[in-house]
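# Structural features, examined
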Amino acid sequence: AVEALGIELKLSLAARGIGLVMAPPWAIARSAFRKELAVLEVEGMPQSIDCWLVHPPMSGKLEAPLDRLREALTTSLEAIETPRSRRQRARQAAG
């Protein structure tokens with residue numbers, strides 16, 4: 001077992017056959033090792049992203065910027081396309 005920090009290091013280890021890595025599609029797409037990696041789609045594996053925006057209950061002057069950040073994060077995360085979302089969209093189009 002290897003504990004490695006940084007997604008690119010983890011991907012480099014997997015590319016050399018040293019273990020498996022769970023990585024988001026964007027990390028694989030921009031990795032220098034993408035051509036040496038084999039991507040496995042595991043049926044039933046949750047493909048969700050949890051993002052927490054932590055702040056004090058009374059944000060004062062930061063209330064508006066925090067709202068904009070929350071909206072931007074929500075929009076960005078909803079726009080991420082996963083194999084599951086592609087399959088769901090294909091089923092909806094076919095049915």
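Above this text is the structure in question.
These numbers were taken from a predicted model, which means no experiment stands behind them.

So, how was this worked out
Residues numbered from 1 in each chain as written. Predicted model: local features only at pLDDT ≥ 70, side-chain atom pairs only at ≥ 80, totals over all residues. Heavy atoms only, no water. Helix = DSSP H or I, 4+ residues; strand = E, 2+ residues; numbered from the N terminus. Rg over C-alpha atoms; globule rule 2.2 N^0.38 Å. Buried < 20%, exposed > 50% of the residue type's maximum accessible area, 1.4 Å probe, protein only. Contact = heavy atoms within 4.5 Å. Areas by Shrake-Rupley, 256 points an atom, 1.4 Å probe, with all protein chains shown as cover. Lys, Arg positive; Asp, Glu negative; His and termini not counted. Charge placed at Lys NZ, Arg CZ, Asp CG, Glu CD. Polar contact = N/O pair within 3.5 Å; in protein donor to acceptor, adjacent residues only side chain to side chain. Patch = residues over 30% accessible without salt bridge, like charges linked within 9 Å, V, L, I, M, F, W, Y side chains within 5 Å. Salt bridge = Lys/Arg side-chain N within 4 Å of Asp/Glu carboxyl O.

What follows concerns the overall build of the protein chain. Scanning the protein chain for helices and strands turns up four helices and zero strands. The order of helices and strands in the protein chain, counted from the N terminus, is α-α-α-α. Over its C-alpha atoms the protein chain spans a radius of gyration of 18 Å, topping by over 25% the 12 Å that the globule rule assigns to 95 residues. Relative to its full complement of 95 residues, the protein chain shows a buried share of 14%. Once local pairs closer than 6 in sequence are excluded, the contacts in the protein chain between residues at least 24 apart make up 31%. As displayed, the protein chain offers around 8100 Å² of accessible surface, 59% of which is attributable to carbon and sulfur atoms. Between the mean site of the 13 positive side-chain charges and the mean site of the 11 negative ones, the protein chain shows a separation of 4 Å.

Another aspect to go through is the environment of Met22. Of note, Met22 is situated in the loop between helix 1 (7-15) and helix 2 (25-29). Here the alpha-carbon distance between Met22 and Ile7, two residues 15 residues apart in the chain, equals 9.1 Å. The contacts of Met22, once residues within four sequence positions are left out, are Ile7 and Met45.

By secondary structure assignment, the location of Ser59 is in the loop between helix 2 and helix 3 (63-79). For Ser59, a relative accessible area of 10% translates into the label buried. Separated by 3.1 Å, the side chains of Ser59 and His55 make a polar contact.

With that out of the way, let us pick up a nonpolar patch on the surface. A cluster of nonpolar side chains, namely Leu20, Met22, Leu40, Val42 and Met45, defines an oily patch on the protein surface of about 600 Å² accessible area. You can see Leu40 is positioned in the loop between helix 2 and helix 3.

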